[in-house]
Amino acid sequence: MNQAAIGIFDSGMGGLTVMRALTSALPSEQFIYLGDTARLPYGTKSATTVRRYAMQAAQALALRGVKLIVVACNTASLAARELAASLAPLPVLGVIEPGAAAALAVTPQGPIAVLATEGTVKEGAYARAIGGRATVLQQACPLFVPLAEEGLIDGQITELVVRRYLEPVLSQSPAPRTLLLGCTHYPVLREVIRRIAGPELAIVDSAQTTAAAVTELLRVRQLRADRNAPAAPRFLVTDAPERFARIGQVFFGEVIDPDQVELIDLQ
Ligand code: DGL
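Per chain, the residues get numbers from 1 upward, laid out in the order the sequence is written. Reporting of local features is limited, given that this is a predicted model, to residues whose pLDDT is at least 70; pairs of side-chain atoms are given and counted only at 80 or more, and all residues count toward the totals for whole chains, interfaces and linings. Excluding hydrogens and water, the side-chain values take into account all heavy atoms of the structure.

Engineer: Help me out: how do you make sense of the overall build of the protein in this one?
Structural biologist: Per the secondary structure count, the protein includes 11 helices and 10 strands. The atom set for the radius of gyration is the C-alpha atoms, and the globule formula is 2.2 Å times the number of residues raised to the power 0.38. Its C-alpha atoms give the protein a radius of gyration of 17 Å, near enough to 18 Å, the size a compact globule of 267 residues would have. Dimensions along the principal axes, computed over C-alpha positions, put the protein at roughly 50 × 40 × 40 Å. Throughout, exposure labels follow a simple rule: accessible area from a 1.4 Å probe, protein chains only, divided by the maximum for the residue type, with under 20% read as buried, over 50% as exposed, and the rest as partly exposed. Looking at the protein residue by residue over its 267 residues, the buried ones come to 56%. For this analysis, residues touch if any pair of their heavy atoms sits within 4.5 Å. When contacts within the protein are restricted to residue pairs at least 6 apart in sequence, long-range pairs at least 24 apart make up 77% of them. The secondary structure listing takes helices from DSSP runs of H or I that are at least 4 residues long and strands from runs of E that are at least 2 residues long, numbered from the N terminus.

Written as structure tokens, this is what we have:
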């Protein structure tokens, strides 16, 4: 048993969609979420910069004594291996493998269309994780993150943007059978994506499969906590805590008390 918290980080609020799945799968655990809101977005930055930011975020969580780190950011997952090496024996888990597994479970042969940030598309992270088992199409959707962070999860502007990114993907031949939301911000846009994509396509993200992977890791390493009542989550941000509390609930699905959000400096 280990009562230490689980650390989660993302560039902004997107990782809260993963934390939401984690809190419901693991009610005895405490979570510390770090959103690097001062430096969002990561998706348009170079791999070198994202690596540096990811390392600083992970170190900040490690300093707070977490027992496991979840990189709840597809873009930052490019640094997952280095993070694991430099923070060992602290386990570090990313969302790419669980996301790929979720898509393959629905359509083992594909085609799987990955919607992701420019960084994740450039890295070819999902194509690598899927490893030739299914046909993979990729589409960068750079405007999804600002829309989501703005809380603009529906309405005309959002629909236009979603249409603009989805149309080239949907018109491919053979047409995709699954849309994989390869950025943790995108699940809040799921309804609009569903409307534009139509009812036939499967739409998956990495939240549930990441929660399953974390649950398994805690079991194998005997790191589970055994609280009777859930511990209040903590939130750390690098900018605008009040904004994070206000809009973050769209991602987290629960009210975030502004008093629980602490401003920190990662530099
Ligand atoms: N939520 C992040 C991801 O999963 C990154 C979004 C961004 O900062 O561009 O890729």
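Engineer: Would you mind showing me how to read helix α3 (residues 80-87) here?
Structural biologist: Residues three or four positions apart in an α-helix share a direction because the helix packs 3.6 residues into each turn. Of the positions making up α3, those classed as buried are A80, L83 and L87. Taken down its axis, α3 places every buried residue within 60 degrees of arc, on the same side. Away from its buried face, by an angle of more than 90 degrees, α3 presents the exposed residues R81 and A85. Tucked inside the fold, the buried residues of α3 contact β1 (6-10), α2 (47-63), β3 (68-71) and β4 (92-93). This arc corresponds to the set of directions leading from the helix axis out to the C-beta atoms.

Engineer: Quick question: what am I supposed to make of the packing of aromatic side chains here?
Structural biologist: Two descriptors summarise a pair of aromatic rings, namely the distance from one centre to the other and the angle between the planes of the rings. Only Phe, Tyr and Trp rings are paired, with Trp represented by its six-membered ring, and only when their centres lie within 6.5 Å; those with planes under 30 degrees apart are stacked, over 60 edge-to-face, the remainder tilted. One pass over the structure, following the stated rule, counts 7 aromatic pairs. Aromatic side chains F144 and Y165 sit 5.2 Å apart centroid to centroid with 75 degrees between the ring planes, which places their arrangement in the edge-to-face category. Of the two residues, F144 sits in helix α7 (residues 144-149) while Y165 sits in helix α8 (residues 156-170), which places them 21 residues apart along the sequence. Taken individually, F144 and Y165 each receive the classification buried, so the pair is uniform in this respect. Chaining the aromatic ring pairs together yields one cluster made of Y33, F235, F244 and F252. Either the NZ atom of lysine or the CZ atom of arginine qualifies as a charge over a ring when it sits within 6 Å of the ring centre and within 35 degrees of the ring normal. Lying across the ring of Y53, R39 places its NZ or CZ 3.8 Å from the centre.

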